[in-house]
Amino acid sequence: MSKERVAQLEYSEFQSAMLDEAKRRRKAAKIIAVLEHFQGPLTGLTVGDVGCSAGFIADELAGAGAGHTLGVDIDVPGLRRAADRFGERVAFVCGDGTALPFPDGSLDVLVFNHIYEHVVDPDAVVAEMRRVLSDRGVLYLGLGNRLGIMEPHYKLPFLSYLPPALADRYVRAFGRADHYYERFRTRRGLRRMLRAFHVWDYTIPVLASPERFAGSELFPGVLGRLARAVLARTPRAALQLLLPLVPTYLWVATKTPRRPAGAALPQPPQPL
């Protein structure tokens, strides 16, 4: 039998990726670039990072000019590290995403990056983020896809395709864990989770223009340059056919209808 899902407390204590500062700051650069393309600079805005852990992304958001930066998590060891290093310019709060300690409509920007698969009730967290987001606010989402072939946490192919009991056996057989905790959704399921929002898909724009959003680490070397050129010139209809299997979706969501404010891109963001 699969173990009952409970909150993953102290996540940074057993997931070393949360403490990989260089990697977390690269992720932050991509997040900030997407947000700035959609709505302009963060200067003076109130920005929250839900699932901030050790605080590297929150620190980068503050460095990008946010007027007030907030980091929220239930990862107490991660929050201690974050407060010790970045507490002078980021306010870190120990709080559950299903009961965010902020007034209605009080945040201009929220970041929810690769978190939903770790929480017990992601629909409740999404509803709570909508509550605290201002009417003109923007929510950045990095969302893992259940149909991505290589599971990102345990590096086992097709792991997220399996029902929980079989997934538990799979991770045990390869000595990765005693059970498989994460719960991913398909593209359709993710859109359903965000049905109360207006959503723009930045997945293909970021892949086609990594130098604009994420630097060269996505596609390094000669083969990387070739991949970028192909992605930038491939018809959108062909790229759309690949989206159900893309491992990660990058979406921007708003409570009221808005359009990206940034410059034209070879593969522009599309509304969902």
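Because the structure is predicted, anything quoted here is derived from the model rather than measured.

Definitions and limits used
Residues numbered from 1 in each chain as written. Predicted model: local features only at pLDDT ≥ 70, side-chain atom pairs only at ≥ 80, totals over all residues. Heavy atoms only, no water. Helix = DSSP H or I, 4+ residues; strand = E, 2+ residues; numbered from the N terminus. Rg over C-alpha atoms; globule rule 2.2 N^0.38 Å. Buried < 20%, exposed > 50% of the residue type's maximum accessible area, 1.4 Å probe, protein only. Contact = heavy atoms within 4.5 Å. Areas by Shrake-Rupley, 256 points an atom, 1.4 Å probe, with all protein chains shown as cover. Arc of directions from axis to C-beta. Axes fitted to C-alpha atoms, helices over the stretch in contact; angles between N-to-C directions. Parallel < 35°, antiparallel > 145°, perpendicular 65-115°, else oblique. Left-handed = near helix turned anticlockwise from the far one by under 90°. Phe/Tyr/Trp six-rings, centres within 6.5 Å; stacked < 30°, edge-to-face > 60°. Lys NZ or Arg CZ within 6 Å of the ring centre and 35° of its normal. Pairing = 2+ DSSP bridges. Right-handed = clockwise from strand over helix to strand, strands pointing away. UniProt positions renumbered as here; feature names shortened; annotations may be inferred. Polar contact = N/O pair within 3.5 Å; in protein donor to acceptor, adjacent residues only side chain to side chain.

A.B. asks: Provide a residue-level description of the overall build of the protein chain, including the pertinent values.
C.D. replies: Of the regular secondary structure elements, the protein chain holds 11 helices and eight strands. Taking 2.2 N^0.38 as the reference for a compact globule, 272 residues should give roughly 19 Å; the C-alpha atoms of the protein chain span a radius of gyration of 18 Å, in line with that estimate. With the C-alpha coordinates of the protein chain rotated into their principal frame, the extents come out at 50 × 40 × 35 Å. Burial analysis of the protein chain (272 residues in total) assigns 50% to the buried set. Considering only contacts in the protein chain between residues 6 or more positions apart, those separated by 24 or more positions represent 73%. For the protein chain, the accessible surface area stands at approximately 12,800 Å², while carbon and sulfur atoms represent 58% of it.

A.B. asks: Run through helix H5 (residues 122-132), naming residues and quoting values.
C.D. replies: Looking only at H5, the buried set comprises Pro122, Val125, Val126, Glu128, Met129 and Val132. An end-on view of H5 places all buried positions within 165° of arc, on one side of the element. Packed against the buried residues of H5 are strand E1 (46-50), strand E4 (107-113), strand E5 (133-144) and helix H7 (187-193).

A.B. asks: A description of the packing of helix H2 (residues 21-39) against helix H3 (residues 56-63) should follow, citing residues and the corresponding values.
C.D. replies: Contact geometry of H2 with H3 gives a least axis separation of 8 Å together with a crossing angle of 45°. By the criterion of interaxial angle, the relationship of H2 to H3 is oblique. The handedness of the crossing between H2 and H3 comes out as right-handed. On the side of H2, the interface is formed by Glu21, Arg24, Arg25, Lys27, Ala28, Ile31 and Ile32, while H3 contributes Phe56, Ile57, Asp59, Glu60 and Leu61.

A.B. asks: Residues and numbers for the packing of aromatic side chains, please.
C.D. replies: Counting across every chain of the model gives seven aromatic pairs. Both rings, one in phenylalanine 158 and one in tyrosine 161, keep their centres 5.2 Å apart while their planes meet at 85°; by these two values the pair is edge-to-face. What makes phenylalanine 158 partly exposed here is its relative accessible area of 42%. The exposure class assigned to tyrosine 161 is partly exposed, which follows from its relative accessible area of 29%. Above the plane of the ring of phenylalanine 197 lies arginine 130, whose end atom (NZ or CZ) is 5.9 Å from the centre. Above the ring of tyrosine 249, the side-chain terminus of arginine 187 is found at 5.0 Å from the ring centroid.

A.B. asks: Lay out the pairing of E4 in plain terms, naming residues and giving numbers.
C.D. replies: Among the seven residues in E4, six count as buried, and that is most of the element. Strand direction decides the pairing type here: E1 and E4, joined by three bridges, are parallel. Its bridge partner being in E4, aspartate 49 is matched across the sheet by valine 111. Each parallel crossover has a hand, and the one from E4 via H5 to E5 is right-handed.

A.B. asks: Which residues make up the sheet that holds strand E7 (residues 248-254), and what values do they have?
C.D. replies: The strand order E3-E2-E1-E4-E5-E7-E6-E8 describes an open sheet built from eight strands, whose pairing is mixed. Of all the strands in the sheet, just strand E3 (91-94) and strand E8 (270-271) have a single pairing partner and so form its edges. Note that strand E6 (residues 198-201) and E7 share four bridges and pair antiparallel. Residue pairing for E7: valine 199 is matched across the bridge by alanine 253. Against the sheet, helix H4 (residues 76-86) engages strand E2 (68-73) and E3, with an angle of about 165° to E3.

A.B. asks: Go over the UniProt feature "domain: Methyltransferase type" (unreviewed entry) in the protein chain with me, naming the residues and quoting the values.
C.D. replies: Per the UniProt record, "domain: Methyltransferase type" (unreviewed entry) is found at residues 49-140. In the segment residues 49-140, helix accounts for 33% and strand for 29%; the C-alpha atoms at its two ends are 10 Å apart.

A.B. asks: Can you break down H4 residue by residue, with the values?
C.D. replies: Of the residues making up H4, those classed as buried are Pro77, Gly78, Leu79, Ala82 and Phe86. One side-chain oxygen of the residue at the start of H4 lies 3.1 Å from the amide nitrogen of glycine 78, identifying that residue as aspartate 75.

A.B. asks: Account for unusual backbone geometry, with residues named and values stated.
C.D. replies: Of note in the backbone geometry, serine 53 takes a positive phi value of approximately 50° without being a glycine. Mapped onto the secondary structure, serine 53 falls in the loop between E1 and H3. The exposure class assigned to serine 53 is buried, which follows from its relative accessible area of 2%.

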